[in-house]
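Read off the chains here:
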Amino acid sequence: KQEVTQIPAALSVPEGENLVLNCSFTDSAIYNLQWFRQDPGKGLTSLLLIQSSQREQTSGRLNASLDKSSGRSTLYIAASQPGDSATYLCAVPTSGTYKYIFGTGTRLKVLA
Amino acid sequence: ETGVTQTPRHLVMGMTNKKSLKCEQHLGHNAMYWYKQSAKKPLELMFVYNFKEQTENNSVPSRFSPECPNSSHLFLHLHTLQPEDSALYLCASSQSGGRTDTQYFGPGTRLTVL
């Protein structure tokens, strides 16, 4: 059974810092991994989707990496800004289905 | 409107009430999803509809009844709920329900059951 864990659960950093959010999963037979952002009381916004054949994806100040063999993904945020404050979720589809399993998220606060 | 919309945004109901949540997607997608997000728990998939047919029911209690009249609309009918059903209910859509599809989420309905 696929389980997704995110560490840390919460993170508070000063503006301008580079930071790394971690996601680990127990079943490495994944088709892809997706990172989402959720602002308080709102829905999820897809940030990056990494296919299983890829090792990383970049979008602006965000870079996500995937290491299937070790069951890990990281989301790197460069030069963090207060507007980056949100909860970041990673999700992987279970083997053979489109059912996404989500982690519990990392709640990020970037201080001005 | 664009994207995925959900109404109402907030709902308070008693345990004996009957209410419905509505989701509409304006993306031309063929798959729609209901998720439940409870405090301090991971997002849980409830139902999946692909081309209006229900393809996934993740052991959801019968007090939750989904309806998908067409590919653009998805409802969640609620009756005799329990306080533990209080949560954020999120709707999502994707092109075809495939494993590689990005899911687009609505803003959610915050449900409180008294």
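Residues numbered from 1 in each chain as written. Chains lettered and ligands numbered in written order. Predicted model: local features only at pLDDT ≥ 70, side-chain atom pairs only at ≥ 80, totals over all residues. Heavy atoms only, no water.

**Some remarks on the overall build of chain B**
Step number 1: Secondary structure assignment for chain B yields 0 helices and 11 strands.
Step number 2: Listing each helix as α and each strand as β along chain B from the N terminus yields β-β-β-β-β-β-β-β-β-β-β.
Step number 3: In terms of C-alpha radius of gyration, chain B reaches 13 Å, essentially the compact-globule figure of 13 Å for 114 residues.
Step number 4: For chain B, the spread of C-alpha atoms along the three principal axes comes to 35 × 30 × 30 Å.
Step number 5: The burial tally for chain B puts 47% of its 114 residues in the buried class.
Step number 6: Within chain B, contacts between residues at least 6 apart in sequence are counted, and of these 53% link residues at least 24 apart.
Step number 7: Working note: accessible area of chain B is about 5,300 Å², and carbon and sulfur atoms make up 49% of it. (Helix = DSSP H or I, 4+ residues; strand = E, 2+ residues; numbered from the N terminus. Rg over C-alpha atoms; globule rule 2.2 N^0.38 Å. Buried < 20%, exposed > 50% of the residue type's maximum accessible area, 1.4 Å probe, protein only. Contact = heavy atoms within 4.5 Å. Areas by Shrake-Rupley, 256 points an atom, 1.4 Å probe, with all protein chains shown as cover.)

**Things to note about the interface of chain A and chain B**
Many analyses report the size of an interface as the accessible area lost when the parts associate.
Step number 1: Between chain A and chain B, the contact holds 22 residues from the first and 24 residues from the second.
Step number 2: Summed over both partners, the interface of chain A with chain B buries about 1,800 Å², with 55% contributed by carbon and sulfur atoms.
Step number 3: If you look at where chain A meets chain B, you find 0 salt bridges.
Step number 4: Taken together, the connections running from chain A to chain B amount to 2 residue pairs in polar contact (both at pLDDT 80 or more).
Step number 5: Those elements that provide at least two residues to the side of chain A that touches chain B are β4 (32-38), β5 (44-51), β9 (86-93) and β10 (100-102) of chain A.
Step number 6: Of the residues belonging to the side of chain A that touches chain B, the class tally is 9 nonpolar, 11 polar and 2 charged. (Buried area = accessible area lost by both parts, 1.4 Å probe. Salt bridge = Lys/Arg side-chain N within 4 Å of Asp/Glu carboxyl O. Polar contact = N/O pair within 3.5 Å; in protein donor to acceptor, adjacent residues only side chain to side chain. Nonpolar A, V, L, I, M, F, W, Y, C, P; charged D, E, K, R; others polar.)

**Quick notes on the state of the cysteines**
All names here are of chain B.
Step number 1: Under the defined criterion, the tally for this structure stands at 2 disulfides over all chains.
Step number 2: Across a sulfur-sulfur distance of 1.9 Å, Cys23 and Cys91 are joined as a disulfide pair. Looking along the S-S bond of the Cys23-Cys91 disulfide, the torsion reads about -70°, which is the left-handed sense. Note that Cys23 is positioned in strand β3 (residues 18-25) and Cys91 in strand β9 (residues 87-94), a separation of 68 residues in sequence.
Step number 3: Among the residues examined, Cys23 registers a relative accessible area of 0% and is labelled buried. (Disulfide = S-S within 2.5 Å.)

**Observations regarding the side chain of His73 of chain B**
Residues and elements named next belong to chain B.
Step number 1: Take His73: it is sitting in strand β8 (residues 73-79).
Step number 2: A distance of 3.3 Å separates polar atoms of two side chains, one belonging to His73 and the other to Glu24.
Step number 3: Leave out the neighbours within four places in its chain, and His73 touches Lys22, Cys23, Glu24, Met32, Glu67 and Cys68.

**Things to note about the pattern of salt bridges**
Residues and elements named next belong to chain A.
Step number 1: Applying the stated criterion across every chain yields a total of 4 salt bridges over all chains.
Step number 2: One salt bridge in this structure joins Arg61 and Asp84, with 2.8 Å as the shortest N-O distance. With Arg61 in the loop between β6 (56-59) and β7 (62-67) and Asp84 in the loop between β8 (72-77) and β9, this residue pair connects regions lying 23 residues apart in the sequence.

**Examining the sheet that holds β6 of chain A**
Residue and element names in this part refer to chain A.
Step number 1: Strand order in the open sheet made by the 5 strands is β1-β3-β8-β7-β6, with antiparallel pairing throughout. The open sheet has two edge strands with one neighbour each: β1 (4-7) and β6. Direction aside, the axes of adjacent strands within the sheet are offset by 15° on average.
Step number 2: Pairing of strand β3 (residues 19-25) with β8, which is carried by 6 bridges, proceeds in the antiparallel orientation. Counted as the bridge partner of Cys23 is Ser73 from β8. (Pairing = 2+ DSSP bridges. Axes fitted to C-alpha atoms, helices over the stretch in contact; angles between N-to-C directions.)

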